[in-house]
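# Residue-level structure breakdown
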Amino acid sequence: QIESKTSQNLRDDFGMVPFHVVASSAKPSSDIFQTLIDTYPRESLSWKDWQNKRPIDYLCGNGSKNSHTLIQMVLQETVLSR
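The residue numbering used here restarts from 1 in each chain and proceeds along that chain's sequence as written. Two thresholds apply to this predicted model, a pLDDT of at least 70 for residue-level local features and 80 or more for giving and counting side-chain atom pairs, whereas whole-chain, interface and lining totals are computed over all residues. Calculated side-chain values reflect all of the structure's heavy atoms, with hydrogen atoms and water omitted.

## Some points on the overall build of the chain
The condition is simple: For the purposes of this entry, the term helix denotes a DSSP run of H or I that reaches at least four residues, the term strand denotes a run of E that reaches at least two, and both are numbered from the N terminus. Partly exposed describes any residue whose relative accessible area lies between the buried limit of under 20% and the exposed limit of over 50%, with all areas from a 1.4 Å probe on protein chains only and scaled to the type maximum. In this analysis, two residues are considered to be in contact whenever any of their non-hydrogen atoms come within 4.5 Å of each other. In these tables, accessible area is a Shrake-Rupley quantity obtained with a 1.4 Å probe, and a residue counts as shielded only by the protein chains included in the view.
For the chain, the count of helices and strands is 5 helices and 0 strands. Shown N-terminal to C-terminal, the secondary structure of the chain runs as helices and strands in the order α-α-α-α-α. Taking all 82 residues of the chain together, the buried fraction comes to 39%. Taking as baseline every contact in the chain between residues at least 6 positions apart, the subset at least 24 positions apart corresponds to 66%. Here the chain has roughly 5,200 Å² of accessible surface; of this, 49% comes from carbon and sulfur atoms.

Here you go:
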């Protein structure tokens with residue numbers, strides 16, 4: 001897991017981490033999302049980008065059929081796993 005990196009080192013120029021990118025894609029992949037969960041710090045699921053959006057905000061606005069599964073994954077990691 002990536003733990004030694006600071007929040008700034010993990011973000012792109014728009015303040016996004018890979019969770020934001022997958023969550024905003026047309027067909028977000030649960031396999032890729034799970035790999036990111038296994039790799040990136042859990043708190044990065046709550047980080048906001050330059051638009052003040054978290055990955056779950058993108059998922060809630062994503063009309064793909066798989067977004068529901070990814071929302072459940074985020075909630076499992078951020079709420080239920082505490």
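## Describing the side chain of Ser-67
Here is the rule we go by: Identification of polar contacts relies on pairs of N or O atoms within 3.5 Å, with a donor-acceptor requirement for protein atoms, meaning one able to donate a hydrogen and the other able to accept it, and with residues adjacent in sequence counted only if both atoms are side-chain atoms.
Position of Ser-67 among the secondary structure elements: in helix α5 (residues 67-80). Ser-67 gets classed as buried once you look at its relative accessible area, which sits at 6%. Within the structure, Ser-67 has its side chain in polar contact with the backbone oxygen of Asn-62 (distance 3.1 Å).

## Points about the nonpolar core
Just so we agree on the cut-off: What is meant by a nonpolar core is a set of buried Ala, Val, Leu, Ile, Met, Phe, Trp, Tyr and Cys residues, joined one to another through side-chain atoms within 4.5 Å.
Counting 19 residues, the largest nonpolar core has Phe-19, Phe-33, Leu-59, Leu-70 and Val-74 as its most contacted members. Sorting the residues of this core by element identifies α2 (18-23), α3 (30-39), α4 (55-61) and α5 as the ones contributing at least two each. Here this core gets 4 residues from one element, more than from any other, and that element is α5. Among residues more than four places away in sequence, those in contact with Leu-59 are Ala-23, Phe-33, Ser-67, Leu-70, Ile-71 and Val-74.

## Digging into the packing of aromatic side chains
The line we're drawing: Between the rings of Phe, Tyr and Trp (Trp by its six-membered ring), a pair exists once the centres lie within 6.5 Å; its type follows the angle of the planes, with under 30 degrees stacked, over 60 edge-to-face, and the other angles tilted. When the NZ atom of lysine or the CZ atom of arginine is within 6 Å of a ring's centre and also within 35 degrees of its normal, the charge is said to sit over that ring.
Enumeration according to the criterion identifies 3 aromatic pairs in this entry. Centroid distance Phe-14 to Trp-50: 5.9 Å. Interplanar angle 50°. Geometry classified as tilted. One end of the pair, Phe-14, is in the loop between α1 (7-10) and α2; the other, Trp-50, is in the loop between α3 and α4, and 36 residues separate them in sequence. Assessed through its relative accessible area of 47%, Phe-14 is described here as partly exposed. Centroid distance Phe-19 to Phe-33: 5.2 Å. Interplanar angle 65°. Geometry classified as edge-to-face. Highlighted residues: Phe-19 in helix α2 and Phe-33 in helix α3, separated in sequence by 14 residues. The burial state of Phe-19 is the same as that of Phe-33; both residues are buried. Through a chain of ring-to-ring contacts, three or more aromatic side chains come together here, namely Phe-19, Phe-33 and Tyr-40. When the ring centre of Tyr-58 is taken as reference, the NZ or CZ atom of Lys-53 above it lies at 5.1 Å.

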